[in-house]
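Results of the structural survey
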Amino acid sequence: MKTDPRTFILQNTVLMSPPHVPEIQLHLASEAHDLWLKTEEDLEEIGLPPPFWAFAWAGGQGLARYVLDHPETVAGKTVLDFASGSGLVAIAARLAGAADVLAADIDPWAASAIALNAAENGVAIRSTADDQIGEVVGADVILAGDVFYDRDFASALIPWFTRLAGEGKLVLIGDPGRSYLPKDMLESLAVYQVPVTRALEDSEVKMTTVWRFG
């Protein structure tokens, strides 16, 4: 890496609580930081993939809210937070009493963000950059926020989630109406009005649903 992720994150984010999950503090990019203004070329120059970890996406906020409000979902269980980003959902699971949480994100920068955010919230979270799609999962619960935004990605996830749900695992999805959400395979558990930043989304509030897969 051309840039030290931990140093960069600390210099280009501010500690704040996502609006729908005030119990948790994360290192996030705000409009006051240059990270908002960097183009793809700027990011490539410093060796930084698109910084999804720097924002609290609506699907993740909804899923984190659900886990905190329904701790029995994860309490005493092992959890995989898939496409973890900032680690928001993983942190919520740990705060709700999960026995062990693995935050998985293929972005090599996410591990640094997750470690910083976990420490800020006083929880221990393991992380991995290994691609989990199609793999055997030992966890009891799989949490996935905002993952159905891309057709090819969705096509890879659906058979994997179907298999995991068929194995008796609880697969929960947080989604604010992304294009490739397989609604016919989902059961709605809760709906939230999640405040978001207009720079990221097409509105200031996104209706976000937590779904059970399978």
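Shown above is the structure to which this text applies.
Okay, so let's go over this structure. Source: prediction; values computed, not measured.

Regarding its fold elements, the chain presents 6 helices and 9 strands. The C-alpha atoms of the chain give 16 Å as radius of gyration, which agrees with the globular expectation for 214 residues (17 Å, within 12%). Projected onto the principal axes, the alpha-carbon positions of the chain cover approximately 45 × 35 × 30 Å. Here the chain, with 214 residues, has 52% of them falling under the buried criterion.

Another point: the packing of helix 3 (residues 58–69) against helix 4 (residues 88–95). Contact geometry of helix 3 with helix 4 gives a least axis separation of 9 Å together with a crossing angle of 5 degrees. By the angle between their directions, the pair helix 3 and helix 4 is classed as roughly parallel. Counting all contacts with helix 3, which are made through G60, Q61, L63, A64, V67 and L68, the residues of helix 4 involved are L88, V89, A92, A93 and L95. Class assignment for the residues of the contact of helix 3 with helix 4 results in 9 nonpolar, 2 polar and no charged.

Right, let's get into the packing of aromatic side chains. Inspection of every chain in the model, using the stated rule, returns 11 aromatic pairs. Centroid distance F82 to F161: 6.3 Å. Interplanar angle 90 degrees. Geometry classified as edge-to-face. Here F82, found in strand 3 (residues 78–82), pairs with F161, found in helix 6 (residues 151–166); they are 79 residues apart in sequence, far enough to count as distant. Seen in terms of ring centroids, W160 and F161 are 5.4 Å apart; in terms of plane orientation they differ by 25 degrees. Their pairing is stacked.

Counting residues in hydrophobic clusters, the biggest one holds 37 residues, and the most contacted among them are I24, V74, V79, A93, I125 and L143. The set of elements that each furnish at least two residues to this core consists of strand 2 (26–28), helix 3, helix 4, strand 4 (100–104), helix 5 (110–120), strand 6 (141–145), strand 7 (170–175) and strand 8 (186–195). Aside from chain neighbours lying at most four places away, what touches V79 is V74, A93, A98, D100, V101, L102, A139, V141 and L143. Within the second largest apolar cluster, 22 residues are counted, among which are F82, L102, I173 and W211.

A cluster of acidic residues, E40, E41, D42, E44 and E45, forms a negative patch on the protein surface. Position of E41 relative to the elements: it lies in helix 2 (residues 40–45). Accessibility expressed as a relative area gives 58% for E41, which makes it exposed.

Once that is clear, we can look at the pattern of salt bridges. Taken as a whole and assessed by the stated rule, the structure comprises 5 salt bridges. For R65, the salt bridge is made with E23, and the minimal N-O distance between the two is 2.6 Å. Highlighted residues: R65 in helix 3 and E23 in the loop between strand 1 (14–16) and strand 2, separated in sequence by 42 residues. A relative accessible area of 11% places R65 in the buried class. The class of E23 is partly exposed, set by a relative accessible area of 43%. Among the ionic pairs, D146 bridges to R178, the shortest N-O distance being 2.6 Å. Of this pair, D146 sits in the loop between strand 6 and helix 6 while R178 sits in the loop between strand 7 and strand 8, placing them 32 residues apart in sequence. Neither residue differs from the other here; D146 and R178 are each classed as buried. Sharing partners across several salt bridges, the network here consists of E23, R65 and D69.

A separate point is the environment of A99. Relative to the elements of secondary structure, A99 occurs in the loop between helix 4 and strand 4. As a C-alpha pair, A99 and A75 span 24 residues in sequence and 6.8 Å in three-dimensional space. Sequence-distant contacts of A99, defined by excluding residues within four places in its chain, comprise V74, G76, K77 and R94.

The next subject is the packing of helix 1 (residues 5–12) against helix 5. Where helix 1 contacts helix 5, the axes come no closer than 9 Å and their chain directions differ by 60 degrees. Classed by the angle they form, the pair helix 1 and helix 5 counts as oblique. The handedness of the crossing between helix 1 and helix 5 is right-handed. Contact residues: helix 1 offers P5, R6, I9 and L10, while helix 5 offers S112, A113 and L116. Each residue belonging to the contact of helix 1 with helix 5 can be placed in one class, and the counts come to 5 nonpolar, 1 polar and 1 charged.

Scoring rules and cut-offs
- Residues numbered from 1 in each chain as written.
- Predicted model: local features only at pLDDT ≥ 70, side-chain atom pairs only at ≥ 80, totals over all residues.
- Heavy atoms only, no water.
- Helix = DSSP H or I, 4+ residues; strand = E, 2+ residues; numbered from the N terminus.
- Rg over C-alpha atoms; globule rule 2.2 N^0.38 Å.
- Buried < 20%, exposed > 50% of the residue type's maximum accessible area, 1.4 Å probe, protein only.
- Axes fitted to C-alpha atoms, helices over the stretch in contact; angles between N-to-C directions.
- Parallel < 35°, antiparallel > 145°, perpendicular 65-115°, else oblique.
- Contact = heavy atoms within 4.5 Å.
- Nonpolar A, V, L, I, M, F, W, Y, C, P; charged D, E, K, R; others polar.
- Phe/Tyr/Trp six-rings, centres within 6.5 Å; stacked < 30°, edge-to-face > 60°.
- Core = buried A, V, L, I, M, F, W, Y, C linked by side-chain atoms within 4.5 Å.
- Patch = residues over 30% accessible without salt bridge, like charges linked within 9 Å, V, L, I, M, F, W, Y side chains within 5 Å.
- Areas by Shrake-Rupley, 256 points an atom, 1.4 Å probe, with all protein chains shown as cover.
- Salt bridge = Lys/Arg side-chain N within 4 Å of Asp/Glu carboxyl O.
- Lys, Arg positive; Asp, Glu negative; His and termini not counted.
- Charge placed at Lys NZ, Arg CZ, Asp CG, Glu CD.
- Left-handed = near helix turned anticlockwise from the far one by under 90°.

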